[in-house]
Amino acid sequence: YQRRVRGPKVTETMATLGEKELVQFHEEGYCVIPDMIPGGLLERLRAAAERTTDRARSGQWEHGIRTASSPFPPYDQDASKDVWGIHMLVHPDLNEPVFAEWYGSLEVRAACGALLGVEPEELQLELVNMLVNPVLASSSLPWHRDMVPNTCTEEEERAALAEEAGEQSGVQWNTALYDDACFLMVPGTHIRPRTTQEREVTVNAPYQPLPDQIQLQLQAGETVFYNPNLLHRAEYDHTQQRATLHCCMGRREGGELRATNIFHVMGSDKVGWITDPRFAESLDSNPGMQRLHANLVASLERARETGVFQEEDHKRVEAYRLQTAQANQNQAP
């Protein structure tokens, strides 16, 4: 295995990540950094997170939630089934501008740019979601990769991972507003097929421990960037307060395919607000977010003009959603 790493134009804004973190991210599939929340924003983010969580749990957020009855997409939208995730935090209907202020900050964009080897101005807006603790009962997610189903053969898995092993088009991360020990993973599994033991566990006993697994202990304010094809799972303690920002950001270059894939997986009927004038107006005092938004809109326009995301692609993504949902429903504890 050899990963091609695109070298960025080095600027002092990329000092957020050092060589150690960059190497760890590419070789082990993750890295933890402490300074992704600008000074003074943590308490404002916590207050907005509490209001947003209350709204979602009371059934007053129509733009996407995750509930205990559906660990993977398509997500059940019945808030009475114990909310553990909330989507679209920068949607103008939410009216919580601090989420966009944080996501568009130089600290966030510089870290993402460093991992992708581009300047912050070359990035596009993608998902801004939040993971919260359930309140009715503790729950778990099984071992999985985000883009490769557990049910695939070794040959299919090897081919899918090889396809993803080139130049990365985007990054994904969790930023903890409170201490968070929910995330478990097996470092290095983003670049290799499962071992015989890993395949046996992920297919037949996906809540059991795996060799070399790590349970991350994020402190409030810390961020973990991770490759979505790491083998990972989660443990959600309903007695432990959680508000962790769960986001991704992508490169503008070639961003049309990534953007349409991501937003279709989340539900393409829920993203019309991206071109809503209210959203653009809400970013007047946020130049970083304005650039991210403009790049995303341009990507979506290119997708429409070039037909890069055709009907067969929608069918493929939808088939993956249903396959993953069915497979993991069958694996529920």
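Residues numbered from 1 in each chain as written. Predicted model: local features only at pLDDT ≥ 70, side-chain atom pairs only at ≥ 80, totals over all residues. Heavy atoms only, no water.

1. Side note on the sheet that holds strand S10 (residues 231–236)
Moving on, step 1. The sheet built from 4 strands is open, its strands ordered S5-S10-S7-S8 with antiparallel pairing. Of all strands in the sheet, those bounded by a partner on one side alone are strand S5 (139–144) and strand S8 (214–215).
Moving on, step 2. By the bridge criterion, 2 bridges tie strand S7 (residues 183–186) to S8 in an arrangement that is antiparallel. In the strand pairing of S8, Leu-184 is matched with Gln-215. (Pairing = 2+ DSSP bridges. Helix = DSSP H or I, 4+ residues; strand = E, 2+ residues; numbered from the N terminus.)

2. Quick notes on the packing of aromatic side chains
Moving on, step 1. For the structure shown, the criterion picks out 8 aromatic pairs.
Moving on, step 2. Both rings, one in Tyr-103 and one in Trp-173, keep their centres 5.9 Å apart while their planes meet at 20 degrees; by these two values the pair is stacked. Of this pair, Tyr-103 sits in helix H3 (residues 98–103) while Trp-173 sits in strand S6 (residues 170–176), and the two are 70 residues apart along the sequence. In terms of burial, Tyr-103 and Trp-173 fall into one category: buried.
Moving on, step 3. Both rings, one in Trp-273 and one in Phe-279, keep their centres 5.0 Å apart while their planes meet at 80 degrees; by these two values the pair is edge-to-face. (Phe/Tyr/Trp six-rings, centres within 6.5 Å; stacked < 30°, edge-to-face > 60°. Buried < 20%, exposed > 50% of the residue type's maximum accessible area, 1.4 Å probe, protein only.)

3. Here's the deal with the sheet that holds strand S9 (residues 223–226)
Moving on, step 1. Across the sheet, 7 strands lie side by side as S1-S9-S6-S11-S4-S3-S2; this open sheet has antiparallel pairing. Of all the strands in the sheet, just strand S1 (30–33) and strand S2 (65–67) have a single pairing partner and so form its edges. Adjacent strand axes in the sheet meet at a mean angle of 20 degrees, parallel and antiparallel pairs treated alike.
Moving on, step 2. Here 4 bridges tie S1 to S9, and the two strands are oriented antiparallel to one another. (Axes fitted to C-alpha atoms, helices over the stretch in contact; angles between N-to-C directions.)

4. So, the environment of Leu-177
Moving on, step 1. The topology assignment puts Leu-177 in the loop between S6 and S7.
Moving on, step 2. Sequence spacing of Leu-177 and Leu-45 is 132 residues, and the spatial spacing of their C-alpha atoms is 7.5 Å.
Moving on, step 3. Dropping the residues within four chain positions of it, Leu-177 is found in contact with Ile-37, Leu-42, Leu-45, Arg-46, Ala-49, Ala-220, Ala-243, Thr-244 and Leu-245. (Contact = heavy atoms within 4.5 Å.)

5. Overview of the pairing of strand S3 (residues 83–86)
Moving on, step 1. Note that S2 and S3 share 3 bridges and pair antiparallel. Counted as the bridge partner of Thr-67 is Val-83 from S3.
Moving on, step 2. Pairing geometry for S3 and strand S4 (residues 123–132), over 2 bridges, is antiparallel. Within S4, the position partnered with Gly-85 by the bridge is Leu-131.

6. A word on the nonpolar core
Moving on, step 1. With 57 residues, the main nonpolar core has Leu-45, Trp-102, Tyr-103, Trp-173, Phe-225, Leu-245 and Met-289 as its most contacted residues.
Moving on, step 2. Ranked by residues supplied to this core, first place goes to helix H4 (residues 106–116) with 6 residues.
Moving on, step 3. Aside from chain neighbours lying at most four places away, what touches Met-289 is Val-90, Ala-100, Tyr-103, Gly-104, Leu-125, Phe-279 and Leu-283.
Moving on, step 4. Counting residues in each nonpolar core, the second largest holds 9 residues, with Ala-176, Phe-183, Met-185 and Leu-230 among its members. (Core = buried A, V, L, I, M, F, W, Y, C linked by side-chain atoms within 4.5 Å.)

7. What about the pattern of salt bridges?
Moving on, step 1. Counting across every chain of the model gives 14 salt bridges.
Moving on, step 2. Measuring nitrogen to oxygen at the nearest pair gives 3.0 Å for the salt bridge that ties Glu-43 to Arg-46. One end of the pair is Glu-43 and the other is Arg-46, both in helix H2 (residues 41–57) and 3 residues apart, which spans about a single turn.
Moving on, step 3. Residue classification places Glu-43 among the exposed residues on the basis of a relative accessible area of 52%. (Salt bridge = Lys/Arg side-chain N within 4 Å of Asp/Glu carboxyl O.)

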